[in-house]
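Spelled out from the first residue to the last, the chains are:
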Amino acid sequence: MAVKNIDDQELEMREYLVPRAAVQPLLTSFSVVCNRLGEVLDHPKGDAAQATRWWQSQKPDDQIILRQALTALASPVLMSDIAIMRGDQGLVQTTLVKESLREDDPAFLVGTDEGGENLRLRRLQSPEVMAGTILMYLEAGSDPGLAEFKFEVNPTEFLVLLATLDLHRRSYLISLLEHEEMRPSLKLEDVQNSVNDGLEYPDPRWLVPFVVPILPEKPQLDWNAIWQAPHCSRYRGLLTGGTWCSAYRLRSRLRLRLRPWSSSSDRAPAGASRSIRARIKAKPLVMEHPSSVRRRKTTKSY
Amino acid sequence: MNTPFTEKERRRLLDDYFRDQERAEELDYEVATTVGDAPETVVQELDSLRDRLADARDLYRLNVPVLPLSRCPITGQVTYHSIDPYGLDGLWWDNQVPIRPVEALPSTFIMVLGALRLGASPEKAPFPVRPGPEVPYVVPEVLSHPEVKAVVSTVKVGPHTAYPVFYYGVGWEKDIEPMNNWGANYWSYLDRDGDLRYNVYGAVPVSDDSYLEDLESDGDEDEDESYTVDYDLRRWVEEGKLLWIEPGDQTFTLREGASGCPYLDLPGSRVFSLIVDGERLEDVDEED
């Protein structure tokens, strides 16, 4: 009766390739119970004899995992479509399938290969591994695993946090275009504008509109909620700022985790010429009022 | 051979197996009783038979059906467990050396017990079969644990009707020693971390010498409580501790409450069965 610390576990991150045409015949021959949610996956009809041959070619140890995967595909209690936009370019999509209502039970990641003929399956020791995987993937496109850094927030706070990150990114891009240092502080008014903008424009290259479609309902955020959220995030250690201040800074580790498109934070871009870099370096850091940002012509104004 | 095997494939496999096993026992006896070295041909034939028997057991283990038998009321998962549904002469039912695959079960699995009502004469097999009594029962000492629930269901085994009873729970490990799996002489399954859990109910660990204290005691102390059985399922069903699945329900929907429960007051022997060579005996020791 061994009890393992999850940190000590050798996580089973092996990927299994399952011919899509084998799934339905195997579910039938194994008498697997299917539920309505499982019908979403819509497996093609396949040849039973081929499916059996494929199954028998698998190692017995793999058959144990594969059988669990098949039953999960047939009777999921939870399916989460997960899309990860890396930078402005790479969109990774997968589906988390969970067969158990118990929170920390294993789950499967399900995707397809490029040809669409095979399912790509990975068994996750728990959904927590998935949360860690997302953060690590955003950071470096690394393989699944446990992240050291995690936090839990309510939906409002999450949305405001994303809007803050969008704002931070905009500031970064503006600083690149304007050959200026980046403003480290973010005004609450700007955060609110960022929320409204994210809700208005369905551009998935920004975090708020990327996330809004998967929320159970379109959020109706009032001023109070937006003003309170940064305070909560400050208590969680995600933002810094005084007790009653109206400007916040992102914690550096959050900037690094959630802004993979930036290789450096507030420094001059690597490609900038020496003279430009010298100019930026010489320029004093200006704590701007939101209105001064609005004057900029190079990007969407706030 | 198909996976799972068909009834015909199983029959052929078992017939070959039992024939080889009988011949191997004859040769074994011959080798054991021969004065001096046994003839080389006999030894070679015996080795060959042993290899074939081992291969046949592997083939049986790989292809014995793993069927939906229950559903966990905590995780909502359908529970798939191996079983030979074609008859009691399958190696799965061998109480001494059951041939079963590694069972991957819900994380809440505690143990599976069962009952089996004979629908015809039991099949003849060269091993003892202990399928439980003829009517389902519960173990009060386990089921009364606040974090434990059980589920009774029905599965056909050849002409017979079997009633597996799965126990599920969380946080039970310190309080409960799981009993041996239904029909087997051990308890085992693969947990969610991929660790194979194994136990033999009632066995004393080699490192544990506390049983010596019992031998040295003056007899005034109470004896260790052993598990008992309770055939009165109504109380447990009404308390919501025992859930049930309608016989033949392909969705394995969990049902609660005594109303419509087909498992209450079933006819049949309440003495545990021991089936030897196609004959049902009363397994009195097991019941006690």
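Residues numbered from 1 in each chain as written. Chains lettered and ligands numbered in written order. Predicted model: local features only at pLDDT ≥ 70, side-chain atom pairs only at ≥ 80, totals over all residues.

Observations regarding the overall build of chain A
When helices and strands are tallied, chain A shows 11 helices and 8 strands. Taking all 302 residues of chain A together, the buried fraction comes to 29%. Partitioning the contacts of chain A with sequence separation of at least 6, the portion at a separation of at least 24 is 59%. (Helix = DSSP H or I, 4+ residues; strand = E, 2+ residues; numbered from the N terminus. Buried ≥ 20, exposed ≤ 12 C-beta atoms within 10 Å, placed from the backbone. Contact = placed C-beta atoms within 7 Å.)

Remarks on the environment of Ser194 of chain A
Residue and element names in this part refer to chain A. For Ser194, the location among the structural elements is in helix H6 (residues 188–200). Classification of Ser194 as buried rests on a count of 26 C-beta atoms within 10 Å. Ser194 sits 29 residues away from Leu165 along the chain, and the two C-alpha atoms are 9.3 Å apart. In this view, Ser194 contacts Ala163, Asp166 and Leu167; residues no more than four positions away in its chain are not counted.

A word on the sheet that holds strand S12 (residues 279–282) of chain B
All names here are of chain B. Spatial strand order, S4-S11-S12: 3 strands in an open sheet with antiparallel pairing. Among the strands making up the open sheet, the edge pair consists of strand S4 (129–132) and S12. When the angles between neighbouring strand axes are averaged without regard to direction, this sheet yields 30°. Pairing geometry for S4 and strand S11 (residues 273–276), over 2 bridges, is antiparallel. Its bridge partner being in S11, Gly132 is matched across the sheet by Ser273. (Pairing = 2+ DSSP bridges. Axes fitted to C-alpha atoms, helices over the stretch in contact; angles between N-to-C directions.)

Here's the deal with the domain arrangement of chain B
Residue and element names in this part refer to chain B. Each domain of chain B was delimited in the assignment, giving domain 1 (7–63) and domain 2 (66–287). Between the C-alpha centres of domain 1 and domain 2 there is a distance of 32 Å. Elements supplying a minimum of two residues to the side of domain 1 that touches domain 2: helix H1 (7–33) and helix H2 (40–63). It is H1 that contributes the most residues to the side of domain 1 that touches domain 2, 5 residues altogether. (Domains from an automatic or database assignment.)

Overview of the interface of chain A and chain B
In this complex, chain A contributes 24 residues to the contact, which on the side of chain B involves 27 residues. For the side of chain A that touches chain B, the secondary structure elements donating two or more residues are helix H2 (48–56) and helix H3 (60–74) of chain A. Among the elements that take part in the side of chain A that touches chain B, H3 of chain A stands out by supplying 5 residues, more than any other. Tallied by class, the residues present in the side of chain A that touches chain B amount to 10 nonpolar, 8 polar and 6 charged. (Nonpolar A, V, L, I, M, F, W, Y, C, P; charged D, E, K, R; others polar.)

Some points on the packing of helix H1 (residues 20–29) of chain A against H3 of chain A
Residues and elements named next belong to chain A. One way to put it is that H1 packs onto H3 with a least axis distance of 11 Å and a crossing angle of 90°. The angle between the axes of H1 and H3 places the two elements in the roughly perpendicular class. Residues Val23, Leu26 and Leu27 of H1 form the contact with H3, whose participating residues are Leu70, Leu73 and Ala74. Considered class by class, the residues forming the contact of H1 with H3 number 6 nonpolar, no polar and no charged. (Parallel < 35°, antiparallel > 145°, perpendicular 65-115°, else oblique.)

Some points on the confidence of the model for chain A
Residue and element names in this part refer to chain A. Averaged over all residues, the pLDDT of chain A equals 72, while 65% of them reach at least 70. Counting contacts from residues 1–12, a segment whose pLDDT is below 50, to residues more than four positions away or on other chains yields 16 contacts. Contacts from residues 255–302, a stretch scored under 50 in pLDDT, to residues over four places away or in other chains number 55 contacts. (pLDDT = per-residue confidence, 0-100.)

Some words on the packing of H1 of chain B against H2 of chain B
All names here are of chain B. Axis separation between H1 and H2 bottoms out at 9 Å; the angle between their running directions is 145°. Judged by the twist between their axes, the crossing of H1 over H2 is left-handed. Of the residues in H2, those in contact with Leu13, Asp16, Tyr17, Asp20, Gln21, Arg23, Ala24, Leu27, Asp28, Glu30 and Val31 of H1 are Val42, Val43, Glu45, Leu46, Leu49, Arg50, Arg52, Leu53, Ala56, Leu59 and Tyr60. Looking at the contact of H1 with H2 residue by residue, the class counts come to 13 nonpolar, 1 polar and 8 charged. (Left-handed = near helix turned anticlockwise from the far one by under 90°.)

Concerning H6 of chain A
All names here are of chain A. The end-to-end C-alpha separation of H6 is 18 Å, in line with the 18 Å expected for 13 residues at 1.5 Å each. The set of residues buried in H6 consists of Leu188, Asp190, Val191, Ser194, Val195 and Gly198. All buried residues of H6 lie within an arc of 155° about the axis, which places them on one face of the element. (Expected span 1.5 Å × (residues − 1). Arc of directions from axis to C-beta.)

Overview of the pairing of strand S3 (residues 109–117) of chain B
Residue and element names in this part refer to chain B. S3 sits mainly inside the fold: 9 of its 9 residues count as buried. Judged from the 8 bridges that link them, S3 and strand S7 (residues 160–169) form a sheet pairing that is antiparallel. By the bridge assignment, Met111 is partnered in S7 with Tyr167.

Some points on the environment of Gly158 of chain B
All names here are of chain B. Take Gly158: it is sitting in the loop between strand S6 (155–157) and S7. Sequence-wise, Gly158 and Ala120 are 38 residues apart; in three dimensions their C-alpha atoms are separated by 9.1 Å. Each residue touching Gly158, except ones within four places of it in the same chain, is listed here: Tyr86, Gly87, Leu88 and Glu123.

Looking at helix H5 (residues 155–177) of chain A
Relative to the 33 Å expected for 23 residues at 1.5 Å per residue, H5 of chain A spans 33 Å between its end C-alpha atoms, a close match to the ideal helical length. Taken from the residues just after H5 of chain A, His179 of chain A is the one with a positive phi, measuring 55°.

Describing the nonpolar core
Among the nonpolar cores identified, the biggest contains 79 residues, and Leu70 and Phe108 of chain A together with Ala150 and Leu242 of chain B are the most heavily contacted of them. Setting aside chain neighbours within four positions, we find Ala150 of chain B in contact with Val138, Leu143, Val165, Phe166, Tyr167, Lys241 and Leu242 of chain B. (Core = buried A, V, L, I, M, F, W, Y, C linked by C-beta atoms within 7 Å.)

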